[in-house]
Amino acid sequence: MLTFEPRRRIAAVLVSAALGAALLTGCSDDLSCGVDQCTVTIQRETDASVSVLGVEAAFISADDNTVTLSVGGEQVTLTKGQQAVDVAGLQVSLSNVTQSAIQVQVAR
């Protein structure tokens, strides 16, 4: 029984961290978070924004393969398929662009 106790503690810590991250980021249907990574869906409309991993991300503009966001007050342009870009202490990459929304991966 003693060999399983450390695993239970580790599992409890990971679950607590995931729940804490969800609460701190205001996780909603547009934000799916793990311990240190989130998938963010932002609607392509004026002033659309979301708080993720403690940083505010806002939609600025987009075309078929490129999106410009403000992340933590820094403007960044992402291209679909491009490696993650370091911005505001986070790694940010563009997953998908549609006529109505963009999907971005954000990690610490």
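Look a little higher up for the structure.
Residues numbered from 1 in each chain as written. Predicted model: local features only at pLDDT ≥ 70, side-chain atom pairs only at ≥ 80, totals over all residues. Heavy atoms only, no water.

Visitor: Explanation requested: the overall build of the protein in the structure shown.
Guide: Assigned secondary structure in the protein consists of one helix and nine strands. The order of helices and strands in the protein, counted from the N terminus, is α-β-β-β-β-β-β-β-β-β. Across the 108 residues in the protein, those meeting the buried criterion constitute 29%. The long-range fraction of contacts in the protein, counting pairs at least 24 apart against all pairs at least 6 apart in sequence, stands at 31%. Roughly 6600 Å² of accessible area belongs to the protein as shown, and the carbon and sulfur atoms make up 51% of that amount. (Helix = DSSP H or I, 4+ residues; strand = E, 2+ residues; numbered from the N terminus. Buried < 20%, exposed > 50% of the residue type's maximum accessible area, 1.4 Å probe, protein only. Contact = heavy atoms within 4.5 Å. Areas by Shrake-Rupley, 256 points an atom, 1.4 Å probe, with all protein chains shown as cover.)

Visitor: Just to check I follow, could you spell out the environment of Val71 for this structure?
Guide: Note on placement: Val71 falls in strand E5 (residues 66–71). Note on Val71: relative accessible area 4%, which makes it buried. As for Val71 and Ser49, which are separated by 22 residues in sequence, their C-alpha atoms are 9.6 Å apart. Other than its neighbours up to four places away in sequence, Val71 contacts Val55, Glu56, Ala57, Val76, Val87, Ala88 and Val92.

Visitor: It is not clear to me how the sheet that holds E5 should be interpreted in this structure. Could you clarify?
Guide: Backbone-to-backbone hydrogen bonds join strands into a sheet, with any given pair of strands oriented parallel or antiparallel. Within the open sheet, the four strands sit side by side as E3-E4-E5-E6. Their pairing is antiparallel. Either end of the sheet is taken by a strand with one partner, and the two such strands are strand E3 (49–52) and strand E6 (74–79). The average angle at which neighbouring strand axes cross in this sheet is 30 degrees, direction not considered. Sheet topology note: the E3/strand E4 (residues 55–62) ladder contains four bridges and is antiparallel. The partner of Val52 across the bridge, within E4, is Val55. (Pairing = 2+ DSSP bridges. Axes fitted to C-alpha atoms, helices over the stretch in contact; angles between N-to-C directions.)

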